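The residues making up each chain are set out below.
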Amino acid sequence: MATSITEILPEVKAFRFILESGVFKGKRFKACLSADCLNPLCACADAKVSAVEEESGNTYTFYMTSDKTLSSNSKHGKSMTEEEKTLGHCFAEELDDDQWNGLLQFVFQQKLAETNKITDFESLEIDFSNEEFAIEQESLCILYNRLFPFAEAFRTKHNGKTYLFSDQYCVNSNCTCHDVLLSIADISDADKKTAEPISVITYDYLTGVWSLIDDYGEEQSEIEEMMTANKSVLQKIGKTCKDRHRTMRTIYGNYRERTQGTLPFPITKKAGRNDPCPCGSGMKYKKCCGR
């Protein structure tokens, strides 16, 4: 039996619910959902639920992970009373996945807001030790969302379909390119848990010139049509990509200065031609960075 969410108040990131079973059966609550972890560089979407039982005025706070599991305590070490744990368990058991995913949008919005507050990129200390060899020796491109997992995504619509662009950048110390690698996925099917890339393009954000990296048969003409029809979207993406590329170069450059580089690198097996490309595009190495 599912929890009855009776009202959602998006402007204050709040909602009302009634539990259908357990010791809190029939009780009406007003609750606020917020991010338990406000670190914009952390990929977690753990949530803090602050609930008030409307009749008695009693307050409860419990913590949940993004997969709807009750946490033992908060990211900040705050513990829960046994009563709060009981309410949290009841809430988690009765809430269905669609309801929870809808409420998680409050957390995503808050993490995005924290990401947008970042202005001092010089102070960010991000570790690239696992990628440094591939960045310097193979020009590995790094996903922007690898650094900022809750950054705003690029989306566009065409012919009734919704496309998602994932942007990747070269931060090689000796490279001065102004290209972005865009993996394009069709996210029109809401039932799919994940969306595989259907195309990858390179886009010069200064000149506006783009090109497909591979031949995608029927999908190639579909992507070409979508890209041609959405020139204004590309121009907008290009302005953001220019700023993001500068940011990533700054952060990676600071990492190299802090560590003074780690060359010579340990011997690492190079990707085979039929192996997945290490840039993360989802394509084979021979059809991506190995061309």
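Residues numbered from 1 in each chain as written. Predicted model: local features only at pLDDT ≥ 70, side-chain atom pairs only at ≥ 80, totals over all residues. Heavy atoms only, no water.

## Some details on the sheet that holds strand β5 (residues 59-64)
As a reminder of what qualifies: Paired strands, as defined in this entry, are two strands with at least two bridges between them according to DSSP. Going along the chain from the N terminus, every DSSP run of H or I of four or more residues is numbered as a helix, and every run of E of two or more is numbered as a strand. Axes here refer to lines fitted to C-alpha atoms; in helices the fit is confined to the stretch in contact. Angles between the N-to-C directions go from 0 to 180 degrees.
The antiparallel open sheet is built from five strands, whose spatial order is β1-β2-β3-β4-β5. Of all the strands in the sheet, the pair left with one neighbour each is β1 (4-9) and β5. If you compare each strand with its neighbour and ignore which way they point, the axes differ by 25° on average. Where β1 and strand β2 (residues 14-18) come together, five bridges link them in antiparallel fashion.

## Some remarks on helix α1 (residues 82-94)
Here is the rule we go by: Multiply 1.5 Å by the residue count of a helix minus one, and that product is the helix's expected span. We call a residue buried when its accessible area falls under 20% of the maximum for its residue type, exposed when it is over 50%, and partly exposed in between, using a 1.4 Å probe and counting protein chains only. Contacts are assigned to residue pairs that have any heavy atoms within 4.5 Å of one another.
With 13 residues, α1 should cover 18 Å at 1.5 Å per step; its first-to-last C-alpha distance of 18 Å lies within 8% of that length. When α1 is considered as a whole, its buried residues turn out to be Glu84, Leu87, Gly88, Cys90, Phe91, Ala92 and Glu94. Taken together, the buried residues of α1 touch β2, β3 (28-35), β4 (47-53), β5 and α2 (97-116).

## Concerning helix α6 (residues 231-259)
Because an α-helix packs 3.6 residues into every turn, residues spaced three or four apart end up facing the same way. Along its 29 residues, α6 runs 41 Å from first to last C-alpha, staying within 8% of the 42 Å computed at 1.5 Å per residue. One or two residues past the end of α6 sits Gln260, with phi positive at roughly 55°.

## Overview of the pattern of salt bridges
Selection rule: Salt-bridge detection follows one rule: a side-chain nitrogen of Lys or Arg within 4 Å of a carboxyl oxygen of Asp or Glu.
Within this structure, the stated rule accounts for 11 salt bridges. Glu7 is the partner of Arg16 in a salt bridge, and the nearest nitrogen-oxygen pair spans 2.6 Å. Overall, the relative accessible area of 23% leaves Arg16 in the partly exposed class. Residue classification places Glu7 among the partly exposed residues on the basis of a relative accessible area of 33%. For Asp167, the salt bridge goes to Arg244, with nearest N and O atoms at 2.9 Å. Of the two residues, Asp167 sits in strand β8 (residues 161-170) while Arg244 sits in helix α6, which places them 77 residues apart along the sequence. Both residues of the pair, Asp167 and Arg244, belong to the buried class. What you see here is one network of salt bridges that share partners, running through Glu7, Arg16 and Glu54.

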